[in-house]
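# Summary of the model geometry
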2 protein chains.
Amino acid sequence: MIKRVTAADVAARAGCTPAAVSLWINGKTAGRISDQVGERIREAVEALGYVPNRTAQQLSTGQSRQLAFVFPDVWYTFFSYILDGITAEIDESWDLALTMPLRHEREQGGGTRAALQRALRGGPAGLIIASPEREMLDLVPPGLPTVVIDADSAPEHCSLARYDFEPGAAAVAAHLSAAGHERVGYIGLDRRADTLLTRRARLGDALEAHDIRFALPDLLLDNIRADMVADRVSDWLTSDVTAVICGDESLAYGAIAASQRLGRSVPGELSLVSFNDLAPASLIEPSLTSVHMPTYEIGRLAGQMLASRVAGGDVRVETVPTELVVRESTGPRAVLR
Amino acid sequence: MIKRVTAADVAARAGCTPAAVSLWINGKTAGRISDQVGERIREAVEALGYVPNRTAQQLSTGQSRQLAFVFPDVWYTFFSYILDGITAEIDESWDLALTMPLRHEREQGGGTRAALQRALRGGPAGLIIASPEREMLDLVPPGLPTVVIDADSAPEHCSLARYDFEPGAAAVAAHLSAAGHERVGYIGLDRRADTLLTRRARLGDALEAHDIRFALPDLLLDNIRADMVADRVSDWLTSDVTAVICGDESLAYGAIAASQRLGRSVPGELSLVSFNDLAPASLIEPSLTSVHMPTYEIGRLAGQMLASRVAGGDVRVETVPTELVVRESTGPRAVLR
DNA sequence: ATGAAAGCGCTAACAA
DNA sequence: TTGTTAGCGCTTTCAT
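Residues numbered from 1 in each chain as written. Chains lettered and ligands numbered in written order. Predicted model: local features only at pLDDT ≥ 70, side-chain atom pairs only at ≥ 80, totals over all residues. Heavy atoms only, no water.

### Focus on helix H3 (residues 35-48) of chain B
Residue and element names in this part refer to chain B. The terminal C-alpha atoms of H3, which comprises 14 residues, lie 20 Å apart, in line with the 20 Å expected from a rise of 1.5 Å per residue. Within H3 the residues assigned to the buried category are Gly-38, Ile-41, Ala-44 and Val-45. Buried positions in H3, seen along its axis, are confined to an arc of 130 degrees and lie on one side of it. Residues Asp-35, Gln-36 and Glu-46 are exposed on H3 and point more than 90 degrees away from its buried face. If you follow the buried residues of H3, they end up packed against helix H1 (7-14) and helix H2 (18-25). Backbone geometry just after H3 places Gly-49 at a positive phi near 65 degrees. (Helix = DSSP H or I, 4+ residues; strand = E, 2+ residues; numbered from the N terminus. Expected span 1.5 Å × (residues − 1). Buried < 20%, exposed > 50% of the residue type's maximum accessible area, 1.4 Å probe, protein only. Arc of directions from axis to C-beta. Contact = heavy atoms within 4.5 Å.)

This is the structure in structure tokens:
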């Protein structure tokens, strides 16, 4: 760490004690610091460019001004939306420490537990965990204000902001059914995250209610890079299905590419639906029919919940609905050769 | 912060002093701690679940295990690539604290200075700053190991990893010239970042060498959201130009949408080129002709440079070339009505 | 209204 | 080889 100006330096210049500087800095000046001394301190702080040492403050008070945000993968724009929501709700007195699996941790699968552990050792005052995996949440110290985003459930002592996938999934099923589809396939992410498993489960229920069945075993991928997805999809996709549902938007881009490479046009010869619906969904060609998840909103919600929690408020659980946005990537069931 | 087990607790149980615990924890046991005491400490640490308090360590040693990464905007996937590169080069003993402008800071323009200040008060051992603005770098304390990414220049005491835009820009000019374009327009981002200004400057030089001129005043935007970009482009684009160059890929998506909305097909009636070339460039329709910037590689480079700098190595400056990737969004000059 | 002093949990220099 | 002591920079309680 770099040698910096300390409260003692300021005190020396202002002709008072470090304690007075502390009081003044923290605005606890009422009935404690006279105006003259206050003014001298102000001048000295200004002149010396004094900035309190957070580490010392933290050690002294036992309170950190750091909020930690743990998320599984840098590659999902999804987390940009959440982050944007969170930062809209917290003020500049907080430090936001983002923690994600390191590259080698990700390569050997997951790494989110390790990421959480690293986040914890920074001694945060509050914690936000996005799209956690099953085995992670038991690491969260009870007593640490925590909000979990995008999971079915969380420990008692954690606030929770989650999606209700039921309406979105029901709409997908109704939409595909109306278009005559009866045999579909599912492409998912190979991670044990609540949110992913639930999307699949709600979808399964909804499709069953419409007598639509999965005609291929699910394709589970561990990577969302479009080119890698495209390769795997090419080997998997057969003429057994007339529609494919992707558990996440990121997978759909590769699926579209693969489908076209195989000579099956979208939506002419294959319909494609996804979950997530971020900005690119409406930009690609064909634009993507997708279950919209209000992600910026859930980020704001999480930010609010954490702020209130850290301030001593109660644990809250909020659920926001999803809905289907129909675009160009779905159409009537193809007549198969 | 949660009440935790301290070294004193461990010492009490092991029948030694806190100092011995510290030595043992830090592996400085040679000739200092006997095997018997060491074993008792090990047992006590184990039984009590002792984890050293980072804050106290940091205050005591003056050394933090935190690396700070400052970047201007969550919305650029660009930074995901960099982050991916950085995390490939650092090990788990480091905490990586990401800092970006808060939402309200961004709204009133920039906020990157504020973000840097927030990063600094965490007392990082090293610093990476991506795509800085002109007035930021003077805030960096000399003596703090720092690497600047994606800027023309940096203070003496900072390492620098930058792009050479000259080859990319030259290729753009040659490509457009060969296709017969003579009048073009430029869409940029309204931020005083070196990288953006330099892209524009190198492009200007290169086009001039090919007698291609800017037939419209540059359109400078403060937002990269495709829908907002599209609106502004619609008002700006005229038949004076047959090709448009975007300073960043993110702008091109909106530009394509706007162009098509105005009834000018791409590339039939308008050619489009961008800088940056991230994954979506090859996925959208038409795929984007773009100046490729090796961003993951520059992230790794930065990670290496910082690691070596923190370990006492020298300041380094590295420059990586850019190159044009020709795809579908450019074609022969349109015959204008 | 002000100053002195203790202590947060750890490390490092010192003495024993 | 071990134990003691003095800080790191700040906050806070207690005298003055």
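### A look at the UniProt feature "domain: HTH lacI-type" (unreviewed entry) in chain A
The positions UniProt marks with the feature "domain: HTH lacI-type" (unreviewed entry) are residues 5-61 of chain A. Here residues 5-61 of chain A is 67% helix and 0% strand, with 20 Å between the C-alpha atoms at its ends. (UniProt positions renumbered as here; feature names shortened; annotations may be inferred.)

### Considerations on the packing of helix H4 (residues 54-61) of chain A against helix H4 (residues 54-61) of chain B
How two helices sit against one another is set out by the angle between their axes and by the gap between those axes. Axis separation between H4 of chain A and H4 of chain B bottoms out at 9 Å; the angle between their running directions is 130 degrees. With respect to H4 of chain B, the axis of H4 of chain A lies oblique. Seen from above, H4 of chain A lies across H4 of chain B with left-handed handedness. Along its contact with H4 of chain A, which presents Thr-55, Ala-56, Gln-58 and Leu-59 of chain A, the element H4 of chain B presents Thr-55, Ala-56, Gln-58 and Leu-59 of chain B. In the contact of H4 of chain A with H4 of chain B, the residues fall into 4 nonpolar, 4 polar and no charged. (Axes fitted to C-alpha atoms, helices over the stretch in contact; angles between N-to-C directions. Parallel < 35°, antiparallel > 145°, perpendicular 65-115°, else oblique. Left-handed = near helix turned anticlockwise from the far one by under 90°. Nonpolar A, V, L, I, M, F, W, Y, C, P; charged D, E, K, R; others polar.)

### What to know about the domain arrangement of chain A
All names here are of chain A. Splitting chain A by domain gives domain 1 (7-61), domain 2 (66-164 + 295-321) and domain 3 (166-292). Here the C-alpha centre of domain 3 lies 27 Å away from the C-alpha centre of domain 2. Across the contact, 18 residues belong to domain 2 and 17 residues belong to domain 3. Across the interface of domain 2 and domain 3, roughly 1,500 Å² is buried in total on both sides, 44% from carbon and sulfur atoms. By the criterion of area lost to domain 3, the three top residues of domain 2 are Tyr-76, Arg-134 and Asp-164, representing 35% of everything that side buries. Linking domain 2 with domain 3 are 3 salt bridges. Two residues, Glu-133 and Arg-191, come together in a salt bridge whose shortest N-O distance is 2.9 Å. The tally of links between domain 2 and domain 3 comes to 8 residue pairs in polar contact (both at pLDDT 80 or more). When the residues that make up the side of domain 2 that touches domain 3 are grouped by side-chain class, the tally is 8 nonpolar, 4 polar and 6 charged. (Domains from an automatic or database assignment. Buried area = accessible area lost by both parts, 1.4 Å probe. Salt bridge = Lys/Arg side-chain N within 4 Å of Asp/Glu carboxyl O. Polar contact = N/O pair within 3.5 Å; in protein donor to acceptor, adjacent residues only side chain to side chain.)

### Quick word on the protein's contact with DNA strand D
The environment of DNA strand D is formed by 25 residues, the closest being Ala-7, Ser-22 and Tyr-50 of chain A together with Arg-32 and Ser-34 of chain B. In DNA strand D, atoms within 4 Å of the protein come 61% from sugar and phosphate. One of the side-chain N or O atoms of Tyr-50 of chain A is found 2.7 Å from a phosphate oxygen in DNA strand D. Here a phosphate oxygen of DNA strand D and a backbone polar atom of Asn-53 of chain A are 3.3 Å apart. Ranked by the residues each element gives to the surface near DNA strand D, the list is headed by H4 of chain A, at 4 residues. (Near = heavy atom within 4 Å.)

### Let's talk about the sheet that holds strand E12 (residues 317-321) of chain B
Strands in a sheet are paired, the pairing made by backbone hydrogen bonds, and the direction either parallel or antiparallel. Residues and elements named next belong to chain B. Taking strand neighbours across the sheet as the criterion, the 6 strands line up as E2-E1-E3-E4-E5-E12 in an open arrangement whose pairing is parallel. At either margin of the open sheet sits one strand with a lone partner, and together these are strand E2 (95-99) and E12. Recorded for the sheet is a direction-independent mean angle of 15 degrees between the axes of neighbouring strands. Two strands pair when backbone bridges link them, and strand E5 (residues 158-164) and E12 are joined in this way by 5 bridges, in the parallel orientation. Paired with Ala-161 across the two strands is Glu-318, which belongs to E12. Helix-sheet contacts for helix H5 (residues 77-89) involve strand E1 (66-70), E2, strand E3 (126-130), strand E4 (146-149) and E5, and the interaxial angle to E1 is about 160 degrees. (Pairing = 2+ DSSP bridges.)

### A short note on the interface of chain B and chain A
Listed per partner, the contact involves 44 residues of chain B and 44 residues of chain A. For the pair chain B and chain A, the two sides together bury roughly 4,300 Å², of which 61% comes from carbon and sulfur. Of the charged contacts in the structure, one is a salt bridge between Arg-103 of chain A and Asp-84 of chain B, with a shortest N-O distance of 3.0 Å. Where chain B packs against chain A, one counts 11 residue pairs in polar contact (both at pLDDT 80 or more). Counting only elements with at least two residues in the side of chain B that touches chain A, the list comes to H4, H5, E2, helix H6 (103-107) and helix H7 (112-121) of chain B. With 6 residues, H5 of chain B is the single largest residue contributor to the side of chain B that touches chain A. A class-by-class count of the residues in the side of chain B that touches chain A yields 22 nonpolar, 11 polar and 11 charged.

### Considering the protein's contact with DNA strand C
Near DNA strand C lie 24 residues; those nearest to it are Gly-31, Arg-32 and Ser-34 of chain A together with Ala-7 and Ser-22 of chain B. Of all DNA strand C atoms lying within 4 Å of any protein atom, the proportion belonging to sugar or phosphate reaches 68%. Between DNA strand C and the protein, one listed contact pairs a phosphate oxygen with a side-chain N or O atom of Tyr-50 of chain B at 2.6 Å. At a separation of 3.0 Å, a phosphate oxygen of DNA strand C approaches a polar side-chain atom of Gln-57 of chain B. If you tally residues by element for the surface near DNA strand C, the top one is H4 of chain B, at 4 residues.

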